[in-house]
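# Reading the structure
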Amino acid sequence: MIDGYWLPKMKNPNTGLYESKVLLLYYDHIHEKVIWFSIRDGEKKEYIVEDIKFLRDHMGYTDIRSCTCDGWVSIIAGLRAIYPWCIIQRCLAHIERQVRTHISKNPKSAAWKELSWLMNYNILSDAKVFPKAWEDWKIKYQDFINEKTKKSDWGWSYTHGRLRKAIRHIENSLPYMFQSDIHSISEIAPTSNKIEWYFWV
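A brief report on the enclosed structure follows. In every chain, residue numbers begin from 1 and rise along the written sequence. The predicted origin of the model limits local features to residues at a pLDDT of at least 70 and limits the giving and counting of side-chain atom pairs to 80 or more, whereas totals for whole chains, interfaces and linings rest on all residues. As a rule here, side-chain values come from all non-hydrogen atoms in the structure, and water together with hydrogens is ignored.

## Looking at the environment of Lys-105
- In DSSP terms, a helix is any run of H or I states spanning at least four residues, a strand is any run of E spanning at least two, and both are numbered starting from the N terminus. Among the structural elements, Lys-105 can be located in the loop between α3 (92-100) and α4 (110-118).
- The cut-offs for exposure are 20% and 50% of the maximum accessible area for each residue type, with area from a 1.4 Å probe on protein chains only; residues under the lower value are buried, those over the upper are exposed, and the others partly exposed. Exposure remark for Lys-105: the relative accessible area of 83% places this residue in the exposed category.
- Lys-105 sits eleven residues away from Ser-116 along the chain, and the two C-alpha atoms are 9.1 Å apart.

## Considerations on the nonpolar core
- Here the nonpolar core consists of buried residues drawn from Ala, Val, Leu, Ile, Met, Phe, Trp, Tyr and Cys, with membership extended through side-chain atoms lying within 4.5 Å. The biggest cluster of nonpolar side chains holds 23 residues, and the ones touching the most others in it are Val-99, Leu-115, Leu-118, Met-119, Phe-130, Trp-134 and Trp-137.
- Broken down by secondary-structure element, the contributors of at least two residues to this core are α3, α4, α5 (121-124), α6 (130-140) and α8 (161-173).
- Residue contacts are defined here by distance: any two heavy atoms, one from each residue, within 4.5 Å place the two residues in contact. Not counting residues within four places of it along the chain, the set of residues in contact with Leu-118 comprises Ile-123, Leu-124, Phe-130, Ala-133, Trp-134 and Trp-137.
- If you look at the next biggest cluster of nonpolar residues, it comprises 20 residues, including Tyr-26, Ile-52, Ile-75 and Leu-79.

## Focus on the pairing of strand β6 (residues 66-69)
- Of the pairings in the sheet, the one linking β6 to strand β7 (residues 87-90) comprises four bridges and is parallel in character. Its bridge partner lying in β7, Cys-69 is registered against Arg-90. One bridge is not enough; two strands pair if DSSP finds at least two bridges between them.

## Let's talk about helix α1 (residues 45-58)
- The span one expects for a helix is its residue count, reduced by one, times 1.5 Å. With 14 residues, α1 ought to run about 20 Å at 1.5 Å a step, and its terminal C-alpha atoms sit 20 Å apart, in line with that.
- Here α1 has its buried residues at Tyr-47, Ile-48, Val-49, Asp-51, Ile-52 and Leu-55.
- Elements that come into contact with the buried residues of α1 comprise β1 (2-6), β4 (22-28), β5 (33-40) and α2 (73-82).
- Where α1 ends, the next residue or the one after it, Gly-60, has phi of about 80°, a positive value.

## A few points about the packing of aromatic side chains
- Here a Phe, Tyr or Trp ring, Trp counted by its six-membered ring, pairs with any other such ring whose centre lies within 6.5 Å, and the pair is stacked when the planes are under 30 degrees apart, edge-to-face when over 60, and tilted otherwise. In the structure shown here, the tally under the stated rule is six aromatic pairs.
- Centre to centre, the rings of Trp-36 and Phe-54 are 4.2 Å apart; their planes meet at 25°, and the pair counts as stacked. With Trp-36 in strand β5 and Phe-54 in helix α1, this residue pair connects regions lying 18 residues apart in the sequence.
- Residue class for Trp-36 comes out partly exposed when judged on its relative accessible area of 28%.
- Summarising the aromatic geometry, the rings of Phe-130 and Phe-178 are spaced 6.4 Å apart at their centres and angled 50° between planes, so their arrangement reads as tilted. Within this pair, whereas Phe-130 is found in helix α6, its partner Phe-178 is found in the loop between α8 and α9 (179-183), the two being separated by 48 residues in sequence.
- The exposure class assigned to Phe-130 is buried, which follows from its relative accessible area of 0%.
- Taken together through their ring pairs, the aromatic side chains of Phe-130, Trp-134, Trp-137, Tyr-141 and Phe-178 make up a single cluster.
- Two limits define a charge over a ring: the Lys NZ or Arg CZ must be within 6 Å of the ring centre, and within 35 degrees of the ring normal. The ring of Tyr-158 carries the charged tip of Lys-148 above its face, separated from the ring centre by 4.9 Å.
- Taking the ring centre of Tyr-158 as reference, the NZ or CZ of Arg-164 above it sits at 3.5 Å.

## Brief notes about the packing of α3 against α8
- Packing of α3 against α8 brings their axes to within 9 Å, and their N-to-C directions diverge by 165°. The pairing of α3 with α8 is recorded here as roughly antiparallel in orientation. Note on packing geometry: the crossing formed by α3 with α8 is right-handed. Taking contact as the criterion, the partners of Ile-95, Gln-98 and Val-99 in α3 are, on α8, Ala-166, His-169, Ile-170 and Ser-173.
- Residues of the contact of α3 with α8, tallied by class, amount to four nonpolar, three polar and no charged. With axes taken as lines fitted to C-alpha atoms, and helix axes fitted only over the stretch in contact, angles between N-to-C directions fall between 0 and 180 degrees. Should an angle lie under 35 degrees it is considered roughly parallel, over 145 roughly antiparallel, and from 65 to 115 roughly perpendicular; all remaining angles are considered oblique. Left-handed describes a crossing whose near helix is turned anticlockwise from the far helix by less than a right angle; the clockwise case is right-handed. Polarity classes work like this: nonpolar for Ala, Val, Leu, Ile, Met, Phe, Trp, Tyr, Cys and Pro, charged for Asp, Glu, Lys and Arg, and polar for all others, with Gly in that last group.

Right, dumping it as structure tokens:
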């Protein structure tokens, strides 16, 4: 598992400026232990590559077959650079949380209410239920999703922009969901929740 946590801004004694740093954490969920961490100025591909090379060359992780992460592009690119065969599993908890940032706490329309229901983790994590339910939802609310509103002289724009953002996030995540079922490998973790508590102790 790989995850990052932005640390509180700290003052650089050399420049006098406040800087942001991210803690990158690498966790072996089979043996339940943190195997490496680094503090960087961002979740960049080159940093991920450096860290993973260290795991490969100095810590014996020569064959990482799967990794569960939040789907950040740099993490996936870094993994692919060193382990092109590595199976990427998107953290389902991250998907749920990200989509819910676009959903109000008290959705009014039926489309929003049903999407909120689909984001229930028990449904979202079910490889037999969610994909079919998701396709049915899109078909059912196709007109609502594509509804447009006149924006003065600037033309038309989609009425439900937040809904479309939520849809894009799910669509981009789908190829990386349910990897345990797709590859018949039970050890692939569906979430990276096991390492998140390290960020809050």
